[in-house]
Structure formats: structure tokens, C-alpha cells
Protein chains: 2
Amino acid sequence: MHSATLAINEAVLARRARGERVLHLGFGEAGLPVLPSIQNALAEHAHRNGYGPVVGAPHVRAQAAGWFARRGLPTEADQVIFAPGSKALLFAGLASLPGDLVLPTPSWVSYAAQAALLGKRTIPVPISAPAGGVPEPEQLRSRLREAVQAGREPGVLVLTVPDNPTGTVASWAQLQEIAQIAEHYGLAVISDEIYASVVHSGQQSPSIAELLPDRVIVTTGLSKSLALGGWRIGYARIPATEWGRAVHQRIVGVASEVWSGLAAPQQEAAGFVLSDAPEVLAHIEQSTRLHATVAAAVYEEFAQVGAVARPPAAGFYLYPDFEPQRERLAARGITTGTELARVLLNDHGVGVLAGAAFGDDDRRVRARVATSLLYGSTEEERWAALGSTDPLNLPWTAEALDHLREALTALLR
Amino acid sequence: MHSATLAINEAVLARRARGERVLHLGFGEAGLPVLPSIQNALAEHAHRNGYGPVVGAPHVRAQAAGWFARRGLPTEADQVIFAPGSKALLFAGLASLPGDLVLPTPSWVSYAAQAALLGKRTIPVPISAPAGGVPEPEQLRSRLREAVQAGREPGVLVLTVPDNPTGTVASWAQLQEIAQIAEHYGLAVISDEIYASVVHSGQQSPSIAELLPDRVIVTTGLSKSLALGGWRIGYARIPATEWGRAVHQRIVGVASEVWSGLAAPQQEAAGFVLSDAPEVLAHIEQSTRLHATVAAAVYEEFAQVGAVARPPAAGFYLYPDFEPQRERLAARGITTGTELARVLLNDHGVGVLAGAAFGDDDRRVRARVATSLLYGSTEEERWAALGSTDPLNLPWTAEALDHLREALTALLR
């Protein structure tokens, strides 16, 4: 099966190619242009064609280590692994850690799919009210207790901080409680922090790696903060412990047999980005401000028609729940998230992804809404959105918000 | 476990970093510079940052389809899948095809390792005397018969044409016999043709896809013919049959959950290369001539000391067997391929890879010798080697051949 997020992207693009007017709220692509100095960093290293080490070149890993250290996680270059996307590292991490996968639900589409591919069983645990990406602690305790009693072996917990699909950030207090439970049950943790540089407040999101230094693999990449999804740059930080070294070796084993390493020109571009050049940091700040403004506006549109969502705090997502409008929607034949997504796409030209794609109960009328493809469809429009003090009133963004408002109003009329 | 080829590469590079003089015959890197027009094709597309379709952009797949068609395999763009390296496609192919893996032995290090990672059992079949990369037909018949009798389910046969580690090319007649057996047993075939553009005679190597159009997946890439290993560009051709469409869907499923797609700038560079621009074809021809000249010279060195190898006909490899020198080597404590490789590296500064890494019986004193890192260690030296009418007498290549001669002579003194 095709990844649900990539599938909706291709479906929307195909409709547009047929000339249909479709508002694309289905795909977590950052929707912004590449900073010219990063383009130059790639272009200047187009002569680099050697395979090099599986984990990445030493000088590039040293830059990543410095990057982690400046964000509160002291790191040596030997702890860093680069790969073609953090998705690949998540796969290798899951392949390298024994036991069942404990997964907050809803959560990003590929965790459970990767586990299935690896023949790994999943233990879903509902997320909490304040934030997604981490399981609700009481539920986590009881699910783990039941799982162990049933003879299962919970092995690895995946967290997403900040979170996709909810666009929220777990708090320190939440992570502390989760860390205690993970420690009690001897769980390894994979902390997917790909949105850590896209927190709307400008603050850094907390990392459970500070709380459980021995047992946490952090994965991240440049796809979201710098809109480099199509460049496939991911990197991971593995603990410098005996456990970490053993896991490191297994991950490198998978990497060396499945993809060999990150492309050399991309490694050099990553080295430049991770040096925290002032223009790179300024670009991330400007991008994050735009994501925050547009996500807040889209949140308002859903709130206006009576859908409930956690206010977006990071990334470019929200996860509205149409429970308060259940009867009205049922009268139109919509009783599941899947039907909601289908009607929005077919009747109203709005592409969203049903909650079921994220492991949620399809009987809840929920969907994930990505807000990052509203900044324009050309590089010019996207640069204008980045530079604008009032991006919501740019013609293309205003038109997109109008389209959404009309669709939601028509849906709930 | 780290892929054996990537591990020897890192070991040799680490020794060199410590100041040791090491002749690197351990790694299948093409050892040549990037053609400037291909560098430009990457650099010009550094602004491309969208994820795009998992299989690759339509216009790039159309170029690949034309490339296959001009080489005797009529192909539509829908049959093509791009990925970060053909290794990734081999993994996805093995993950998508049911049954045990039937594998010529010796063969490239990662096939069996990928099968192990996927929990897939392997049925090894010895290669034939004239060429590696395909199993000896009588042996193939008897192993399949035995396997089926033992209740096993042979499902997929991997061929390497031209071959690594033997540097040879299976003939049409051999492939015809293999195709008949594969058809009889209902095997799917993955034909790894990554060296197809590196045949020393300049002729095209045969593809079993012409013989079994319904059941063959062809994988290839730009790592060898254009020395782009560090760019990670692979692509596959899937049959346009019902079977092919089902396999295509499964491969795309794996791709979308493990690596998402080939990086966008690399896709554009591949599109340029696969248009068969005259300068690209001329560069491949010049590169292949150099590979042929140096491989032949290295073959002579091994022949001089009484090792037996198939004469190299493609790629940049040979696979010498020290059987005729068994007694002399045994007197020095060398009775396995692993010991041979260890002594060559530790005592003589020559890095080769023991046959056991390719699944061969370690009691045979065999090793794979890669000849492609003798062209120089700088871009300038490598361009000079490409342009030279007498590359063996370039100072750095002559010195490397002297080093090899001294090492082999000392070993067998």
C-alpha cells in the first residue's frame, strides 16, 4: 500500500492536472522555496561523487553534533547517522529495536506501516487532550500492563514532538511522566523531532533525550524547517552508551544493506545548514512565522463552523474533530472521517486526510488538515508570502481561505 | 552487520588517514570524476525541493523508458521506478516477491544480507565456469528439485549481468537455459544490470527481460557507468503485465514507507543522463575503455603468480582463485579466503575482499579484486587517466601496479 500522505498528494496533483480547482490541505510539504545559499551549497558540491561512510562524512556529522549540542543535547560526531530522509532512519530504528511498537494514536501514517513491513506488532495508546505525539500517561500505563499480562513484549515507544497530525507540542511535564513509565517498562524511545525548529512561539520544543539520555534515539531532518522534503536529508542522534553503540551498529547494518548513505552533495548542503549560519536561522524564523499565521487562520475557519481542534502550536497542521456537528453531517450521510475526506474532495475540492490514515477510529469524524500549501503555487508567490507582513491578504492565500470557508459552510449548511 | 564492501572501504580509508600506504582493491567505486554537464544538471535543479511522486517525476521516468527502449526493452514511463540507489530497489523487490531467494554463489554481498533482513531464506547455487552472475544450469535444476522436495518454496532468482564479483558477462545461451528453468519453476527474476553499460567490448550485455518479458524486474543505476555512486541514483523496470502491476504496487508501498523517493535534483540529473546526450555516451565509452585496460593489467599480475581468474569482460573486478598455489600459501598459514585478505591487508597493504563476503566457501582461497581505484586519488589524476592513451604508465597507476606486483610476489615467494 502506498503511504496515505503521499497517495493523497498524488491524487490531488492528478486532479489539478485535469484542470480541477483543488485546495490541497492533504500533504505535509512545507510549501516554501529553497534559500539560495543552500542551493549554492548543493551546487558547489556537485563534483562530490564518492560513496563515503554509510553514516555520513565526518565533517558533516561534526556539524550535526554541534547543532544538537547547541540545542541542549551534547553530542559527538560518532553518535550521528545521516540518511536519505528521517523516514529511512525511523525504519532502520524500528528494525533494530526488539519488541512491540508502542504508538500514540493518532500519529503519523508511516510508523505503523513500517512496523507492519517489519512484522512488528503495534500497541496503540490514545493521545492526551493537551497535545498529541505522546500517549496519555494513564492510558499508557494500563495498556502496557495489559500487554505484558497478555504475554506481549512492548519494546519501543515512538513519540512525535512537536506532533503531526495535531500540530501541538508536548510539555516537559508530560514528557517527564512518559519518561518514567518508559524507564519502568524498559522501553527504548524513538523521538521524532522533525518539527522541532518549527514551533510557532519560536521556543525550542523539549526532547525526551534530555530525560532518558541512555535510551532515546532522536530522528530529525531538513524537510520541514527548510522545506527540503525533495532533497531527502535526515539525521539521527544515538546515545553514546553501550546500548546506543549496539543499536548504532544495527542501524548502520540496515542502512548499509538498504540505501548505503545520504547522497554526497546533500551531505555538504546539510553541513552548511547545520552550522547555523545567521541567514539560515533567519529563514527558519521567517518560515515559522508564516506557518503560524496561516495555521491560526485555518484553525479559525474550522472553529467558525463548529469543529473542535487543539490550537496549532507547531508545524503546519491541525486535527479538527467534527463531533459537535455529528448530527448535521450524518444527515448528509457523513458518519466517518473517511466519508468526510471523500465528500470534501469530491464535492468541495478540498483535500484532507481522514483520521483513520493516522490510526484513529474512523467512526470519529476527524481529519488532518495541512496548511502549508496555501502560500502560493509558484516560487515567486511563496517568496512573497515569506516576505509579507500580511500574508493572509495575499490574493492567492485569501482566495484559498475563501475556498475553504465556502466549502465548510456548504458542508455544514 | 555492516555491508562487507562498505566496511572494507571504511577500513582502508581509516588506515590511509593514519598515514599508511594502502592499495585499495576492496571497493566497487568507479573511481572517476563527474562529467561537468552532469554536475550542471544537478546544480541547475537545486531549486527543486518538492517531494513529487514516489516513483519519480513523469518526465524523468519517460527518459528512463526511452533509455530502456533504445536498449531493446520497449518500456512505458509507468513501468519505471526511481529510488536512492538500485540497492534500495533490490531490497524493495525482494520484500515484494514471495518465496525463497535463489542466488548464484558467489554473488554481490547485499543480496543475501537483504534476504536475511527480510526473514527470507536463501537457496545458493554455484556459478558456472564461463561466467558468474548466473547459476550453473544443471546445479540450478538439481537445487530447485531438492528444495521443492524438501517443502521449500523457491520464489525469486537474482541474476547479475554483467557480474560482480567475477567481472564476466553471461551469454545469451546461458540466459536462455536459465530462463527455461525459471519458467518451469515459476520463479520471478530480478536482473541486476548495473554494469550493463560497462562491458569492455563495447557491446551491450544481454538481458533476461527479453526472454521472460512477464516475470523479470530489471534494476540498474548510474553509480557504475557514470561513477555517481555518491549520488545514489537507481531505477527499475517492471513488466507491464498484471503480475508486474501487482509487484509495482508492492514495491511502491515499500518505497513510500522507507525512503519516499529519489531526491529531486538527482532525478533531473538522471533525466539528462538518460537522454543519451552524445557527451554522456562518449564519457561512458572512455570510462569503460579505462576500466578494461586496467582490469586486464591487474588480471595479468594475478596470472603471473599462478592465481586463476576468469578474464575480466565487464565492470572493474576479477575474482582470482589461489587454488594452484594452495600448498605455498598453506605453508604461510593461509588456508582460507579470509586469511588471504587479512594477510594482504596487514602485511602487504593491499585491500581485497574475501570470497566468503560473496557467499563463497571460505576454504577456497579466493578474493574479489576491484580495479577501479587505481586511476588516481585526485580529480586531476583521474581526468588524466581518462584522457590517456597509455594509462598504465601514468606514474600513480604504474606505482599501484608495482605495489600489487611486489605484494603478490612477496606473498608467494
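Conventions and cut-offs
Residues numbered from 1 in each chain as written. Chains lettered and ligands numbered in written order. Predicted model: local features only at pLDDT ≥ 70, side-chain atom pairs only at ≥ 80, totals over all residues. Heavy atoms only, no water. Pairing = 2+ DSSP bridges. Helix = DSSP H or I, 4+ residues; strand = E, 2+ residues; numbered from the N terminus. Expected span 1.5 Å × (residues − 1). Buried < 20%, exposed > 50% of the residue type's maximum accessible area, 1.4 Å probe, protein only. Salt bridge = Lys/Arg side-chain N within 4 Å of Asp/Glu carboxyl O. Contact = heavy atoms within 4.5 Å. Buried area = accessible area lost by both parts, 1.4 Å probe. Polar contact = N/O pair within 3.5 Å; in protein donor to acceptor, adjacent residues only side chain to side chain. Least-squares fit on C-alpha atoms with pLDDT ≥ 70 in both. Axes fitted to C-alpha atoms, helices over the stretch in contact; angles between N-to-C directions. Domains from an automatic or database assignment. Nonpolar A, V, L, I, M, F, W, Y, C, P; charged D, E, K, R; others polar. UniProt positions renumbered as here; feature names shortened; annotations may be inferred. pLDDT = per-residue confidence, 0-100. Phe/Tyr/Trp six-rings, centres within 6.5 Å; stacked < 30°, edge-to-face > 60°.

Residue and element names in this part refer to chain A. Pairing is antiparallel across the open sheet formed by three strands, whose spatial order is β9-β12-β11. For this open sheet the edge positions go to β9 (317-318) and β11 (353-354), each flanked by a neighbour on one side alone. Pairing of β9 with strand β12 (residues 367-370) involves two bridges; the strand directions are antiparallel. Residue pairing for β12: Leu318 is matched across the bridge by Val369.

A separate point is helix α8 (residues 242-258) of chain B. All names here are of chain B. Here α8 contains 17 residues, and its C-alpha end-to-end distance of 25 Å stays within 8% of the 24 Å for a straight helix at 1.5 Å per residue. Of all 17 residues in α8, twelve are buried, a share of seventy percent or more. All buried positions along α8 are accounted for by Trp243, Gly244, Val247, His248, Ile251, Val252, Gly253, Val254, Ala255, Ser256, Glu257 and Val258. Just downstream of α8, Ser260 is the residue with a positive phi angle, here 70°.

On inspection of all chains with the given rule, the structure shows 36 salt bridges over all chains. Here Arg326 of chain A makes a salt bridge to Glu323 of chain A, at a shortest N to O gap of 3.2 Å. Note that Arg15 of chain B and Glu20 of chain B form a salt bridge whose closest N and O atoms lie 3.0 Å from each other. When its relative accessible area of 17% is taken as the criterion, Arg15 of chain B is described as buried.

At the interface, 52 residues of chain A touch 52 residues of chain B. Contact between chain A and chain B buries roughly 4400 Å² in total, counting both sides, with carbon and sulfur atoms accounting for 57%. The largest contributions to the chain A side of the interface with chain B come from Asn49, Tyr51 and Glu257 of chain A, which together make up 19% of the buried area. At the boundary of chain A and chain B, one finds zero salt bridges. If you look at where chain A meets chain B, you find 31 residue pairs in polar contact (both at pLDDT 80 or more).

As a further point, take the relation of the copies chain A and chain B. When chain A is fitted onto chain B, the two copies agree to an RMSD of 0.0 Å after a turn of 180° and an axial shift of 0.0 Å. Given the turn and translation reported, the copies of this chain are related as if by a two-fold rotation axis. Of the C-alpha atoms belonging to chain A, the one lying closest to the rotation axis is found on Ala43 of chain A, 2.1 Å away. In this assembly the copies share their binding face: 100% of the residues contributing to the interface of chain A also contribute to that of chain B.

Residues and elements named next belong to chain B. Taken together, the seven strands give an open sheet; going across it, the order is β2-β8-β7-β6-β5-β3-β4, and neighbouring strands pair in mixed fashion. Whereas interior strands pair on both sides, the edge strands pair on one side only; in this sheet they are β2 (80-83) and β4 (122-126). Averaged over all pairs of adjacent strands, the angle between strand axes in this sheet comes to 20°, irrespective of strand direction. Two strands pair when backbone bridges link them, and strand β5 (residues 154-160) and strand β6 (residues 188-192) are joined in this way by five bridges, in the parallel orientation. By the bridge assignment for β6, Val158 is matched with Ile190. Contacting β3 (100-105), β4, β5 and β6, helix α5 (residues 109-117) crosses the sheet at an angle of about 160° to β3.

It is common to report an interface's size as the accessible area lost on association of the parts. All names here are of chain A. What the domain assignment reports for chain A is domain 1 (4-28 + 279-412) and domain 2 (48-275). Relative to domain 2, the C-alpha centre of domain 1 lies at a distance of 26 Å. Each side of the interface is counted separately: domain 1 has 29 residues, and domain 2 has 31 residues. Interface area for domain 1 against domain 2, summed over the two sides, is near 2300 Å², with a carbon-plus-sulfur share of 63%. Taken as a group, Arg310, Ala314 and Phe358 account for 27% of the area that domain 1 buries against domain 2, more than any other trio of residues on that side. Where domain 1 packs against domain 2, one counts twelve residue pairs in polar contact (both at pLDDT 80 or more). Mapped onto the side of domain 1 that touches domain 2, the elements with two or more residues apiece are α1 (4-17), α10 (278-304) and β9. Of the residues forming the side of domain 1 that touches domain 2, the biggest block, ten residues, is contributed by α10. Broken down by class, the residue content of the side of domain 1 that touches domain 2 amounts to 17 nonpolar, eight polar and four charged.

With that settled, the discussion passes to the UniProt feature "domain: Aminotransferase class I/classII large" (unreviewed entry) in chain A. As annotated in UniProt, the feature "domain: Aminotransferase class I/classII large" (unreviewed entry) corresponds to residues 25-370 of chain A in the numbering used here. End C-alpha atoms of residues 25-370 of chain A are separated by 5 Å, and the span's content is 40% helix alongside 14% strand.

This paragraph deals with unusual backbone geometry. Residues and elements named next belong to chain A. Here the residue pair Thr105 and Pro106 is connected by a cis peptide bond, since its omega of 5° sits within 30 degrees of zero. Among the secondary structure elements, Pro106 is positioned in the loop between β3 (100-105) and α5 (109-117). For the bond running from Val161 to Pro162, omega is -10°, close enough to zero to count as cis. Within the secondary structure, Pro162 sits in the loop between β5 (154-160) and α7 (172-184). Unlike most non-glycine residues, Asp276 shows phi in positive territory, near 60°. Checked against the element boundaries, Asp276 lands in the loop between α9 (264-274) and α10.

On to the environment of Ala354 of chain A. All names here are of chain A. Summarising the element assignment, Ala354 is placed in strand β11. Owing to a relative accessible area of 9%, Ala354 belongs among the buried residues under this scheme. Here the alpha-carbon distance between Ala354 and Arg366, two residues twelve residues apart in the chain, equals 6.2 Å. Once residues lying within four places of it in the same chain are set aside, the contact partners of Ala354 are Gly337, Thr338, Ala341, Arg366 and Ala367.

We now examine the side chain of Ser107 of chain A. Residues and elements named next belong to chain A. Structurally, the position occupied by Ser107 is in the loop between β3 and α5. One polar contact links the side chain of Ser107 to the main-chain carbonyl oxygen of Pro104, over a distance of 2.7 Å. Each residue touching Ser107, except ones within four places of it in the same chain, is listed here: Asn164, Pro165 and Phe358.

We now examine the confidence of the model for chain A. Any segment with low pLDDT has predicted coordinates that should not be analysed in fine detail. Per-residue confidence for chain A gives a mean pLDDT of 96, with 100% of residues at or over 70. Among the scores for the predicted complex, ipTM is 0.95 and pTM is 0.96.

On to the packing of aromatic side chains. One pass over the structure, following the stated rule, counts 23 aromatic pairs over all chains. Their ring planes at 65° and their centres at 5.7 Å tell us that Phe68 of chain A and Tyr235 of chain A sit as a pair that is edge-to-face. Of the two residues, Phe68 of chain A is situated in helix α3 (residues 58-69) and Tyr235 of chain A in strand β8 (residues 234-237); the sequence distance between them amounts to 167 residues. Note on Tyr235 of chain A: relative accessible area 1%, which makes it buried. Summarising the aromatic geometry, the rings of Trp108 of chain B and Tyr111 of chain B are spaced 5.2 Å apart at their centres and angled 75° between planes, so their arrangement reads as edge-to-face.

All names here are of chain A. Side chains of β12 alternate between two faces, with Ala367 and Val369 and Arg368 and Ala370 buried alike. By the bridge criterion, two bridges tie β11 to β12 in an arrangement that is antiparallel. Bridge pairing links Ala354 to Ala367 in β12.

Turning next to the environment of Leu32 of chain A. Turning to its location among the elements, Leu32 of chain A is positioned in the loop between β1 (23-24) and α2 (36-44). Taking the C-alpha atoms as reference, Leu32 of chain A lies 10 Å from Ala384 of chain A; in sequence the two are 352 residues apart. If near-sequence neighbours (up to four positions away) are discounted, Leu32 of chain A is found in contact with Ala227, Ser287, Leu290, His291, Tyr375, Arg382 and Leu386 of chain A together with Asn49 of chain B.

Bringing the side chain of Thr166 of chain B into the picture now. Residue and element names in this part refer to chain B. Positionally, Thr166 belongs in the loop between β5 and α7 (172-184). We classify Thr166 as buried; its relative accessible area is 1%. Among the polar contacts listed, one links the side chain of Thr166 to the backbone nitrogen of Gly132, at a separation of 3.4 Å. A polar side-chain atom of Thr166 sits 2.5 Å from a polar atom in the side chain of Asp163. Setting aside its immediate chain neighbours within four residues, Thr166 contacts Ile127, Gly132, Arg310, Tyr317, Leu318 and Tyr319.

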